[in-house]
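Chains, contacts and geometry: an overview
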Amino acid sequence: MANPAADPDAARERCPDCREKTPHHVRVEIRTESENPENAAFSREPYRVAVCARCGHETATRMNNV
Ligand SMILES: [Zn+2]
């Protein structure tokens, strides 16, 4: 089945360690921000986590920050 979303070339992103565009494994993670402990329960943010398939470098981007 041809699924464009599963195309490895579509997941290429720039890796700061490899210093070029490499295939990445992308997942979404809910992370709890702990800057303010009182609000910890209310500051769970979805992060888009991209892991370089070549060197394993992990880049997390807050999704609702755009
Ligand atoms: Zn890399």
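Described below are features of the structure shown in this document. (Residues numbered from 1 in each chain as written. Predicted model: local features only at pLDDT ≥ 70, side-chain atom pairs only at ≥ 80, totals over all residues. Heavy atoms only, no water.)

1. Observations regarding the pairing of strand β3 (residues 44–52)
Sheet topology places strand β2 (residues 20–32) next to β3; nine bridges connect them, and they run antiparallel. From the neighbouring strand, Ile30 faces β3, where its bridge partner is Pro46. Where β3 and strand β4 (residues 58–62) come together, five bridges link them in antiparallel fashion. Bridging from a neighbouring strand, Val49 pairs with Ala60 of β4. (Pairing = 2+ DSSP bridges. Helix = DSSP H or I, 4+ residues; strand = E, 2+ residues; numbered from the N terminus.)

2. Details of the pattern of salt bridges
Applying the stated criterion across every chain, the model contains seven salt bridges. A network of salt bridges, in which partner residues are shared, links Arg27, Glu29, Arg31 and Glu58. (Salt bridge = Lys/Arg side-chain N within 4 Å of Asp/Glu carboxyl O.)

3. What to know about the side chain of His24
When you line up the elements, His24 lands in strand β2. His24 sits in the buried class, given a relative accessible area of 6%. A distance of 2.8 Å separates a polar side-chain atom of His24 from the backbone oxygen of Thr22. Residue contacts for His24: discarding those within four places in its chain leaves Ala11, Glu13, Arg14, Cys15, Ala50, Val51, Cys52 and Ala53. (Buried < 20%, exposed > 50% of the residue type's maximum accessible area, 1.4 Å probe, protein only. Polar contact = N/O pair within 3.5 Å; in protein donor to acceptor, adjacent residues only side chain to side chain. Contact = heavy atoms within 4.5 Å.)

4. Points about the coordination of the zinc ion
Distances from the zinc ion to its protein donors, Cys15 (SG), Cys18 (SG), Cys52 (SG) and Cys55 (SG), fall within 2.3 to 2.4 Å. Each of the four donor atoms around the zinc ion contributes to a set of angles spanning 105 to 113°, which defines the coordination as tetrahedral. (Donors = N, O, S within 2.8 Å, 3.2 Å for Na, K, Ca; no water. Tetrahedral: all angles 85-135°; square planar, octahedral: opposite > 155°, others 65-115°.)

5. Some words on the sheet that holds β4
Reading across from one edge, β1-β2-β3-β4 is the order of the four strands in this open sheet, with antiparallel pairing throughout. Looking at which strands have only one partner, the edges of the open sheet turn out to be β1 (12–15) and β4. Looking at each pair of strands side by side, their axes are set apart by 50° on average, direction ignored. (Axes fitted to C-alpha atoms, helices over the stretch in contact; angles between N-to-C directions.)

6. Notes on the side chain of Thr22
Here Thr22 shows up in strand β2. A relative accessible area of 0% means that Thr22 is categorised as buried. Not counting residues within four places of it along the chain, the set of residues in contact with Thr22 comprises Ala11, Arg12, Glu13, Cys15, Cys52 and Arg54.

In short, geometric facts, not functional conclusions.
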